[in-house]
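Below are the chains, spelled out letter by letter.
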Amino acid sequence: MNKVAIVTGSATGLGAACAVDLAACGWNVTINYNKSEREADETYTKIKAGGGDAILVQADVGEDTDCRKLVGETLKKWGRIDGLINNAATTKFQKEGDLAGVTAEDFDRIFRVNVTGPYMMSRAVWPIMKKRWEELRERGSIVNISSNAGATGIGSSIPYVASKGALNTLTLSLARWFGPAVRVNTVCPGFIQTRWLLGGLGETGYESMKAAMEQTTPLRQAGTAEQMAEAVLFFLTSGSNITGEFLLVDAGSHLGTLPLKGR
């Protein structure tokens, strides 16, 4: 029987790319969305057209009951869960220096989705993966989608940056607690060419940042969702001796910008 994975926030962007690529590799996939039903349907249709199997589950990962619903619907369909990609996230864009631009409520909402959500999802799949390890010695895999913001302190807002730093340390704790039954790792993307970032930065800001990535990063490119998905799938399906690890996938932007002259 095919392996099964849940991908949270998989209607669009990186989550959708992960879901489609996993299905192409022979995995059954639970596509999760909160509000983007039309886009989730498109991701589902793409998977089915490629011969894969998937289900759609509406759930807010910031709510524990919804996390358990997401896991329950997956088990009802396939009876197993081998992988979890904690991709769902939110932010509020904050102008540099504008400390009043975010509120305590913004912090609560961002942390609930970006940190508490991955914890609750991981907690919900843990007994299932643990049982499969004990009975069949088949190890589960969890991949958290963080951001290079959690390593550099630069991002869309202070609460977003802080939440991704917290998600990185959550990965370390879960990797210790869940071993040997489950591997837990993190991918930290940089700039990604997605609708989500375009909407937050606006067209001018988005194109300016994209150009900067293409001109000043060591790899001279602005990342795509498909490139990020490559790293996520590596951790989920390979790397059998890797847990508690972080991988920055940002064309080398964490190394600092390079001069344009002579390049």
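No experiment lies behind these values; they were computed from the predicted model shown.

Cut-offs and rules
- Residues numbered from 1 in each chain as written.
- Predicted model: local features only at pLDDT ≥ 70, side-chain atom pairs only at ≥ 80, totals over all residues.
- Heavy atoms only, no water.
- Helix = DSSP H or I, 4+ residues; strand = E, 2+ residues; numbered from the N terminus.
- Expected span 1.5 Å × (residues − 1).
- Buried < 20%, exposed > 50% of the residue type's maximum accessible area, 1.4 Å probe, protein only.
- Contact = heavy atoms within 4.5 Å.
- Phe/Tyr/Trp six-rings, centres within 6.5 Å; stacked < 30°, edge-to-face > 60°.
- Axes fitted to C-alpha atoms, helices over the stretch in contact; angles between N-to-C directions.
- Parallel < 35°, antiparallel > 145°, perpendicular 65-115°, else oblique.
- Left-handed = near helix turned anticlockwise from the far one by under 90°.
- Nonpolar A, V, L, I, M, F, W, Y, C, P; charged D, E, K, R; others polar.

> Help me out: how do you make sense of helix α8 (residues 225-237) in this one?
What sets the pattern is the α-helix's 3.6 residues per turn: residues three or four places apart point alike. Spanning 13 residues, α8 covers 18 Å between terminal C-alpha atoms, matching the ideal 18 Å at 1.5 Å per step. Residues of α8 that are buried: Ala 225, Met 228, Ala 229, Ala 231, Val 232, Leu 233, Phe 235 and Leu 236. Against β1 (4-7), α1 (13-24), β4 (83-86), β5 (140-145), β6 (182-189) and β7 (246-249) lie the buried residues of α8. One or two residues past the end of α8 sits Gly 239, with phi positive at roughly 55°.

> What should I look at first to understand the packing of aromatic side chains in this one?
Centre-to-centre distance and the angle between the planes together describe a pair of aromatic rings. A complete count under the given rule lists four aromatic pairs for this structure. Between the aromatic rings of Trp 126 and Phe 178, the centroid separation amounts to 4.4 Å while the plane-to-plane angle is 10°, which identifies the pairing as stacked. With Trp 126 in helix α4 (residues 104-136) and Phe 178 in helix α6 (residues 158-178), the pair connects residues that are 52 residues apart, well separated along the chain.

> What exactly am I supposed to notice about the packing of α1 against helix α2 (residues 37-49) here?
The relative placement of two packed helices is expressed as an angle between their axes plus a distance between the axes. For the pair α1 and α2, the least separation of the axes is 9 Å and the interaxial angle reads 15°. With respect to their mutual orientation, α1 and α2 come out roughly parallel. Pair α1 / α2 crosses with right-handed handedness. Listed contacts from α2 to Ala 16, Ala 19, Val 20 and Ala 23 of α1 are Thr 43, Lys 46 and Ile 47. The class makeup of the residues in the contact of α1 with α2 is five nonpolar, one polar and one charged.

Geometry only, nothing functional implied.
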